[in-house]
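Fold and contact review
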Amino acid sequence: MNPKRIASYFDRLKREGRTGFIGYITAGDPSPDLTPSLVAAMVRGGVDLIELGVPFSDPIADGPVIQRGAARALAAGTTLAKVLDIAAKIREQSEVPLLLFTYLNPVLRYGLDSLARAAAAHGIDGCLLTDLSVEEAGPYSTAMHNHGLDTVFLAAPTSTPRRLSLTAKYSSGFVYLVSRTGVTGERQTLSSNVEPLVQAMRERTSLPLAVGFGISTPEQVRQTGSLADAVVVGSAFERAIEEALASGADPAAALEARARALAAGLPSKKR
Amino acid sequence: MLTSQPDSLGHFGPYGGRFVPEVLMAPLEEIEQAYNEARTDPAFQAELHSLLADYAGRPTPLYHARRLSESLGGARIYLKREDLLHTGAHKINNCLGQALLARRMGKRRIIAETGAGQHGVATATVCALFGFDCVVYMGEEDMRRQRLNVFRMRLLGAKVVGVSTGSRTLKDAISEAMRDWVTNISTTHYLLGSALGAHPYPLMVRDFHRVIGEEARRQILEKENLLPDSVFACVGGGSNAIGIFHPFIADEQVKLIGVEAGGRGLSEGEHAARFSGGSPGVLHGAYSYLLQNRDGQVLLTHSVSAGLDYALVGPEHAWLHDQHRAEYVSISDGEAIQAALTLARTEGIIPALESAHAVAEALRRAPSAKDQVFVVNLSGRGDKDTDIYRERLPEIDEPETHR
């Protein structure tokens with residue numbers, strides 16, 4: 001049975017008074033073979049939960065950086081089945097919690113129950129489906145929970161009180177708060193929406209809260225980390241891969257350095 | 001009797017629904033609520049009706065194409081002349097409705113996607129009329145093949161943004177419009193141009209186009225004193241088709257025939273015939289028949305007609321298909337071009353390439369349909385397609401060099 005790595009992870013953070021550092025990487029970018037070593041590099045740099053992105057042909061929630069990462073991954077032949085194999089390879093070397101991060105259609109094509117079974121068997125701990133609303137999530141949640149997987153849902157600055165409550169109810173493991181309206185990507189300033197959103201969600205759930213979207217500097221990591229239980233960084237990692245590829249540098253080294261630089265912004269001790 | 005109304009979450013049977021990132025869920029609820037209030041508000045309906053009549057040019061004629069019918073020796077073919085509407089296609093019906101709704105919601109910035117450019121032109125037009133800011137996303141491939149419409153939009157004051165991702169066609173334009181929408185949600189209404197996307201768009205867009213079928217039904221009863229045997233419409237997202245089909249759904253003896261783009265043939269990537277090569281999946285907010293590979297990635301599509309060149313069919317069509325209430329066929333690029341030529345030469349009407357697909361299927365069936373009555377939705381006119389017709393019919397463009 002699933003060891004509930006996500007819950008243990010947040011318990012540990014709480015005991016140690018630390019803020020978690022969640023990193024997103026598009027699996028298969030630039031090739032499926034490289035992803036396990038890239039994930040290992042992120043973990044060495046201080047990332048302690050990995051969002052393993054499944055590339056999709058039409059990523060409507062993503063900005064240009066992650067769009068290009070997905071295109072590279074698809075061009076390298078990455079499929080959902082290959083992402084699961086990548087997860088298994090990561091799991092052979094590491095106990096880092098793995099959250100499968102994907103659009104719905106590849107999952108529907110694979111089959112909800114088949115995916116839940118396979119994901120659990122390949123060492124995945126939970127799933128987040130970008131374009132699956134809680135209204136449509138019944139069969140998905142049942143399948144995931146049947147196989148011991150967590151279901152993480154998004155809450156956004158636009159979410160109404162009713163929707164925040166639904167998100168809290170359907171989420172397990174943690175809740176992912178979207179810091180701003182818009183697509184994924186790095187931003188200069190942190191949104192002022194974060195604090196009220198964190199508060200509103202704290203009133204509804206005791207689940208840990210992670211905040212992401214637009215976070216790309218140590219200072220933003222520090223600010224966000226002072227409010228949330230964990231900070232999520234995505235596009236800044238994808239950009240590190242892209243820049244390394246463009247300059248002929250080692251993407252693993254680039255990711256490790258980027259992770260280390262951002263992790264320096266994490267608040268040292270909390271409350 | 002089959003009626004076709006979605007449940008409260010926008011499901012037509014298993015299809016439709018609302019599959020979008022959480023950021024868009026509350027805005028969709030807001031549109032749904034505003035629309036539900038507007039549809040029963042006499043003042044809203046009266047203003048829409050007045051704009052449709054005096055600005056757009058409704059009702060459009062139902063024209064008996066006698067020379068065309070006689071040349072085929074079978075069915076009596078009637079054309080529903082949506083091509084005569086202001087801006088040259090049915091798209092204006094929905095744009096006027098949604099513009100009124102946007103004003104009601106206090107949104108003064110409008111974004112839209114466009115394939116052939118007809119929806120973009122109609123959107124730019126209503127934005128000029130209402131004094132809204134307007135941004136239209138269009139695939140660069142479509143900008144190339146529909147240059148005239150790009151300029152028309154700019155002439156009307158709209159900003160046209162080229163989309164260079166993916167296949168650089170309608171699908172990518174919708175993705176980019178959705179990305180704009182999630183970013184500018186508080187000021188912006190997304191004026192989606194087909195019966196696609198997340199609930200309530202498929203329902204709302206259909207309702208705004210239902211007037212096509214309501215008029216056509218009344219007109220054919222006046223002219224023939226009977227209901228048609230078959231109604232034909234092209235299906236990209238499917239807005240003109242659902243608009244003309246819907247008022248006939250309860251008339252079980254009326255065959256409803258949707259015509260998809262057969263492109264260069266029904267092999268992967270060469271067409272946009274979702275009912276021939278697709279399977280249920282989710283794209284841009286709705287669950288419906290989708291052209292996808294075995295890993296759930298969306299396939300590239302092809303059609304000579306930019307307006308039909310899209311990987312997902314509107315969800316209500318998927319439902320009508322599964323209920324066997326409507327039949328869906330495909331017509332190739334070449335057949336559509338030839339049908340346009342036939343219509344031009346027999347009736348003096350140059351159809352849009354999209355509508356030429358519906359005409360082609362009617363031409364195919366007419367000779368063996370003696371004494372039957374066909375209604376074909378001529379959803380748009382062909383001026384925008386002049387460059388493509390020239391390219392595809394070189395013997396007409398320079399006849400002396402082809403002797």
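Computed from a predicted model, the values in this text were never measured in an experiment.

A few words now on the overall build of chain A. Looking only at helices and strands, chain A features 12 helices and nine strands. Relative to the 2.2 N^0.38 estimate, which gives 18 Å for 271 residues, the radius of gyration of chain A is 17 Å and therefore close to what a compact globule would have. In terms of its C-alpha atoms, chain A occupies a principal-axis envelope of roughly 45 × 40 × 35 Å. The 271 residues of chain A split such that 63% are buried. For chain A, the share of sequence-separated contacts (at least 6 apart) that also reach a separation of at least 24 residues comes to 74%. Of the accessible surface of chain A, which amounts to about 9700 Å², a share of 54% is contributed by carbon and sulfur atoms. Across chain A, the centroid of the 28 positively charged side chains sits 4 Å from that of the 27 negatively charged ones.

So, on to the overall build of chain B. Looking only at helices and strands, chain B features 16 helices and 14 strands. Its C-alpha atoms give chain B a radius of gyration of 20 Å, within 12% of the compact-globule value 22 Å for 403 residues. Summarising its shape, the C-alpha atoms of chain B cover approximately 60 × 50 × 45 Å along the three principal directions. Counting only residues that meet the buried cut, chain B has 66% of its 403 residues in that class. Intrachain contacts of chain B at a sequence separation of at least 6 include 74% that bridge at least 24 residues. As presented, chain B carries roughly 14000 Å² of accessible surface, and 49% of it is formed by carbon and sulfur atoms.

Before going further, it helps to spend a moment on the interface of chain B and chain A. Counting residues at the interface gives 37 residues for chain B and 35 residues for chain A. Taken together, both faces of the contact between chain B and chain A bury some 2800 Å²; the carbon and sulfur share is 53%. When the buried area of chain B at its contact with chain A is split by residue, Glu22(B), Arg179(B) and Gln297(B) rank highest and sum to 24% of it. As a salt-bridge pair, Glu29(B) and Arg163(A) come within 2.7 Å of each other at their nearest N and O atoms. Here chain B is connected to chain A by 21 residue pairs in polar contact (both at pLDDT 80 or more). For the side of chain B that touches chain A, the elements supplying multiple residues, two or more each, are α1 (22-39), α8 (170-183), β11 (279-283) and β12 (286-290) of chain B. Residue contributions to the side of chain B that touches chain A peak at eight residues, all from α8(B). Taken together, the residues that form the side of chain B that touches chain A break down as 16 nonpolar, 12 polar and nine charged.

Right, let's talk about unusual backbone geometry for a bit. Residue and element names in this part refer to chain B. Look at the link from arginine 58 to proline 59: it is a cis peptide, with omega at -5°. Assignment of secondary structure puts proline 59 in the loop between α2 (42-56) and β3 (62-64). At threonine 87, a position not held by glycine, the phi torsion is positive, near 80°. Residue position: threonine 87 is located in the loop between β4 (76-81) and α4 (91-105). Under the relative-accessibility criterion, threonine 87 is labelled buried at 5%. Backbone geometry at histidine 284 places phi at a positive 55°, although glycine is not the residue there. With respect to the helices, strands and loops of the structure, histidine 284 is situated in the loop between β11 and β12.

Under the definition given, this model contains zero disulfides over all chains. This cysteine, Cys127(B), is not joined by any disulfide, and Cys134(B) carries the nearest cysteine sulfur, 3.7 Å off.

Next up on the list: the sheet that holds strand β8 (residues 188-190) of chain B. Residues and elements named next belong to chain B. With parallel pairing, the four strands of this open sheet are ordered in space as β7-β6-β5-β8. Only two strands of the sheet have a single neighbouring strand rather than two, namely β7 (159-163) and β8. When strand polarity is set aside, the average angle formed by the axes of neighbouring strands in this sheet is 25°.

With that out of the way, let us pick up the nonpolar core. Buried together is how nonpolar side chains tend to be arranged in soluble globular proteins. Within the largest apolar cluster, 94 residues are counted, with the highest numbers of intra-cluster contacts made by Phe174(A), Tyr176(A), Leu96(B), Trp181(B) and Tyr190(B). Ignoring sequence-local partners within four residues, the contact set of Leu96(B) consists of Leu48(B), Leu51(B), Leu52(B), Tyr55(B), Ala56(B), Val126(B), Leu129(B) and Phe130(B). One finds Leu38(A), Ile124(A), Leu129(A) and Val231(A) within the second-largest nonpolar core, a separate group that totals 66 residues.

Residue and element names in this part refer to chain A. At a minimum axis distance of 7 Å, the contact between helix α2 (residues 35-44) and helix α12 (residues 251-263) shows a crossing angle of 25°. Here α12 runs roughly parallel to α2, going by the angle between their axes. For the crossing formed where α2 meets α12, the hand is right-handed. Contacts from Ser37, Leu38, Ala41, Met42 and Arg44 in α2 reach Pro251, Ala252, Leu255, Glu256, Ala259 and Arg260 in α12. Of the residues belonging to the contact of α2 with α12, the class tally is seven nonpolar, one polar and three charged.

Applying the stated criterion across every chain, the model contains 51 salt bridges over all chains. The residue Asp125(A) makes a salt bridge to Arg5(A) at a minimum N-O spacing of 2.6 Å. Remark: Arg5(A) occurs in helix α1 (residues 5-16) and Asp125(A) occurs in the loop between α6 (112-121) and β4 (126-129); sequence separation between them is 120 residues. Like Asp125(A), the residue Arg5(A) is buried in the burial classification. The salt bridge involving Arg274(B) is made with Glu260(B); its shortest N-O contact spans 2.7 Å. Within this pair, whereas Arg274(B) is found in helix α11 (residues 274-277), its partner Glu260(B) is found in strand β10 (residues 255-263), the two being separated by 14 residues in sequence. Relative accessible area serves as the criterion here: at 0%, Arg274(B) is assigned to the buried category. Judged by its relative accessible area of 0%, Glu260(B) falls in the buried class. Linked by salt bridges that have partners in common, Glu135(A), Arg162(A), Arg163(A), Glu22(B) and Glu29(B) make up one network.

Turning to the packing of aromatic side chains, a few remarks are in order. Under the defined criterion, the tally for this structure stands at 19 aromatic pairs over all chains. Ring geometry for Phe101(A) against Tyr176(A): centres 6.3 Å apart, planes inclined by 50°, an arrangement best described as tilted. Placement of the pair is Phe101(A) in strand β3 (residues 98-102) and Tyr176(A) in strand β7 (residues 175-178), with a sequence separation of 75 residues. A residue is classified by how much of its surface remains accessible, and Tyr176(A), at 3% relative accessible area, is buried. A ring pair is formed by Tyr190(B) and Tyr201(B), whose centres lie 6.2 Å apart and whose planes are at 55°; its orientation type is tilted. Note that Tyr190(B) is positioned in strand β8 and Tyr201(B) in helix α9 (residues 201-224), a separation of 11 residues in sequence. The burial state of Tyr190(B) is the same as that of Tyr201(B); both residues are buried.

What counts as what
Residues numbered from 1 in each chain as written. Chains lettered and ligands numbered in written order. Predicted model: local features only at pLDDT ≥ 70, side-chain atom pairs only at ≥ 80, totals over all residues. Heavy atoms only, no water. Helix = DSSP H or I, 4+ residues; strand = E, 2+ residues; numbered from the N terminus. Rg over C-alpha atoms; globule rule 2.2 N^0.38 Å. Buried < 20%, exposed > 50% of the residue type's maximum accessible area, 1.4 Å probe, protein only. Contact = heavy atoms within 4.5 Å. Areas by Shrake-Rupley, 256 points an atom, 1.4 Å probe, with all protein chains shown as cover. Lys, Arg positive; Asp, Glu negative; His and termini not counted. Charge placed at Lys NZ, Arg CZ, Asp CG, Glu CD. Buried area = accessible area lost by both parts, 1.4 Å probe. Salt bridge = Lys/Arg side-chain N within 4 Å of Asp/Glu carboxyl O. Polar contact = N/O pair within 3.5 Å; in protein donor to acceptor, adjacent residues only side chain to side chain. Nonpolar A, V, L, I, M, F, W, Y, C, P; charged D, E, K, R; others polar. Disulfide = S-S within 2.5 Å. Pairing = 2+ DSSP bridges. Axes fitted to C-alpha atoms, helices over the stretch in contact; angles between N-to-C directions. Core = buried A, V, L, I, M, F, W, Y, C linked by side-chain atoms within 4.5 Å. Parallel < 35°, antiparallel > 145°, perpendicular 65-115°, else oblique. Left-handed = near helix turned anticlockwise from the far one by under 90°. Phe/Tyr/Trp six-rings, centres within 6.5 Å; stacked < 30°, edge-to-face > 60°.

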